[in-house]
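Chain by chain, the residues:
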Amino acid sequence: MNLQNKRWLFLKKKWVLAAVSAMLLASGCAPALQNDDEVTQENGDETTAVIPTYQISENFYRTIVPFEPGKARGLVVSNLNTRHDIVEFETGLMRIAQENFSPESFFFQEGQVLEEGVVRSWLSRKYTDAQLKEQELTAEENLGLNPVDSGEGSVDERNERAPIYLAHIMEQDYLTKKEDNSLQLDGVVIGLALNSVHYYQKEAYGAQYEFTIPDEKIEEEGKKMAAQVASRLRSMDKTKNIPVTIALFQQAPQNSVTAGNFIAYTHLDAGDGEISDWKAIDEEYVLFPSSTAEENHREDSTYFANFKQDIETYFDNFNGVIGRGLYSGEELTGLKIEIPIQFYGKAEAIGFTQYVTGLVMEHFPAYIPVEVSITSTSGTEALIVKEANAEEPYVHIYE
């Protein structure tokens, strides 16, 4: 199964899990997690942890209990531009991890190697010798991965010459269970979130300006930074001799209604000291309806337009339909649709959901996986999931 298909399965099962959870809570029951494995874990002190026996699906990692927050937890919210980027960055890393760390034998844990202070220092700019002296820092503390701002030239010239390329660094740890019933760190995945647009101000409280970074420059600088990250990880005791995957994520602009996307990843086996090659990831999120969809994906745009038109004939108080399609090359590998509606009763919501389900099966080709979320001011009303080539969709109406 390729990376793009794993992506769709991951997202689809995430929504299905949410629906199943809602039904279980409503009925007052939950799956029994019996015969969980108790293991020992060393985090400075030896502690007892639990590996849940129950696994949601083969595409989800089991997570160690009690949950151990990442050392740099929370930074992603302030460093990335949109909610879509935050979700895609984290879940996308987990899907890329599956290329080398199987969910059957590895367990997930948020990053425990890179401390918050380390991440912040790597995200900063590199300093000149004069700047180091001015801030009373040593050469060993000059760890910024973003380029030096020499201070020479106009504000525009400085920001275009040396934009902030690296927005965030995310670490995910993958552990295995040993014969002595202990857990061992056997894999680390690092995500480098890169800016597609550099934002800056000319004065402290002035207007915000922007500089669009060329795609080839984003990838070039990302790979340079990845080489430095790999070298630094190999100098650390915890990661000097374990497999490491590093992935490059190009985040979307601040005003984007779709997520950014991963552009490449590399993997270092336990004995590798340097990066030898990269694997390209050819994918893109496209908004429906949009001029981009009409120009580059006319057939899919027509499917969506006909679907949208039929919905508009059903409701006078209709607010709009938005779709976000994931493309792998030219192939649409998944389509998520949001339909916000003002309902005046549960019967109306049920009737509309049934109508939309029929439209999903009628308008979209069988090979396209489709997920529809119907919402109101009260929250999510219904979820419709059609898998690729499925004869029947999954439908859940929330109580």
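All figures in this text were calculated on a predicted structure; none of them were measured in a lab.

Cut-offs applied
- Residues numbered from 1 in each chain as written.
- Predicted model: local features only at pLDDT ≥ 70, side-chain atom pairs only at ≥ 80, totals over all residues.
- Heavy atoms only, no water.
- Helix = DSSP H or I, 4+ residues; strand = E, 2+ residues; numbered from the N terminus.
- Polar contact = N/O pair within 3.5 Å; in protein donor to acceptor, adjacent residues only side chain to side chain.
- Contact = heavy atoms within 4.5 Å.
- Pairing = 2+ DSSP bridges.
- Phe/Tyr/Trp six-rings, centres within 6.5 Å; stacked < 30°, edge-to-face > 60°.
- Buried < 20%, exposed > 50% of the residue type's maximum accessible area, 1.4 Å probe, protein only.
- Salt bridge = Lys/Arg side-chain N within 4 Å of Asp/Glu carboxyl O.
- Axes fitted to C-alpha atoms, helices over the stretch in contact; angles between N-to-C directions.
- pLDDT = per-residue confidence, 0-100.

So, the side chain of Gln131
Here is step 1 of the chain: Mapped onto the elements, Gln131 comes out in helix H5 (residues 129-134).
Here is step 2 of the chain: A distance of 2.9 Å separates the side chain of Gln131 from the backbone oxygen of Asp149, its partner in a polar contact.
Here is step 3 of the chain: Sequence-distant contacts of Gln131, that is, excluding residues within four places in its chain, are made with Lys126, Val148 and Asp149.

Side note on the pairing of strand S14 (residues 331-340)
Here is step 1 of the chain: Direction of pairing for strand S13 (residues 322-328) relative to S14: antiparallel, over a ladder of seven bridges. Paired with Gly325 across the two strands is Leu335, which belongs to S14.
Here is step 2 of the chain: With antiparallel pairing between neighbouring strands as the criterion, S13 and S14 make up a hairpin whose turn holds two residues, including Gly329 at a positive phi of roughly 65 degrees.
Here is step 3 of the chain: Here S14 runs beside strand S15 (residues 370-376); their pairing, made up of six bridges, is parallel. Along S15, the bridge assignment pairs Ile339 with Ile374.

Brief notes about the packing of aromatic side chains
Here is step 1 of the chain: Counting across every chain of the model gives eleven aromatic pairs.
Here is step 2 of the chain: Plain terms: the ring middles of Phe304 and Phe307 are 6.4 Å apart, the flat faces sit at 45 degrees to each other, and that makes the pair tilted. Here the residue Phe304 and the residue Phe307 both occupy positions in helix H9 (residues 298-312), the gap between them amounting to three residues, near one helical turn.
Here is step 3 of the chain: Using a relative accessible area of 1% as the deciding quantity, one classes Phe304 as buried.
Here is step 4 of the chain: Taken together, the ring pairs connect Tyr61, Phe101, Phe106, Phe108 and Tyr174 into an aromatic cluster.

So, the pattern of salt bridges
Here is step 1 of the chain: Summed over the entire model, instances satisfying the criterion amount to 14 salt bridges.
Here is step 2 of the chain: Residues Lys223 and Glu219 are paired through a salt bridge, measuring 2.9 Å at the closest nitrogen-oxygen approach. Here Glu219 and Lys223 lie together in helix H7 (residues 215-234), a separation of four residues that amounts to about one turn.
Here is step 3 of the chain: For the salt bridge of Glu381 with Lys346, the shortest nitrogen-to-oxygen distance reads 3.4 Å. Linking Glu381 in strand S16 (residues 379-386) with Lys346 in helix H10 (residues 346-363), this pair joins segments that are 35 residues apart in sequence.
Here is step 4 of the chain: Using a relative accessible area of 36% as the deciding quantity, one classes Lys346 as partly exposed.

A closer look at the sheet that holds S13
Here is step 1 of the chain: Spatially, six strands are ordered S12-S13-S14-S15-S16-S17 in an open sheet, and the strand pairing comes out mixed. Two strands in the sheet have a free side with no partner beyond their single neighbour: strand S12 (283-288) and strand S17 (394-397). Between one strand axis and the next, the sheet turns through 15 degrees on average, direction left out of account.
Here is step 2 of the chain: Strand direction decides the pairing type here: S15 and S16, joined by seven bridges, are antiparallel. Residue pairing across strands places Ser373 opposite Leu383, the latter belonging to S16.
Here is step 3 of the chain: Along the sheet, H9 contacts S12, S13 and S14; its crossing angle with S14, the most-contacted strand, is approximately 20 degrees.

Describing the confidence of the model for the chain
Here is step 1 of the chain: Averaged over every residue, the pLDDT of the chain is 86; the share at 70 or more is 85%.
Here is step 2 of the chain: When pLDDT is averaged over each element of the chain, strand S9 (residues 244-251) comes out on top at 98 and helix H1 (residues 3-27) at the bottom at 45.
Here is step 3 of the chain: Within the model, pLDDT remains below 50 along residues 10-35, and this stretch shows 43 contacts once partners closer than five positions in the same chain are excluded.

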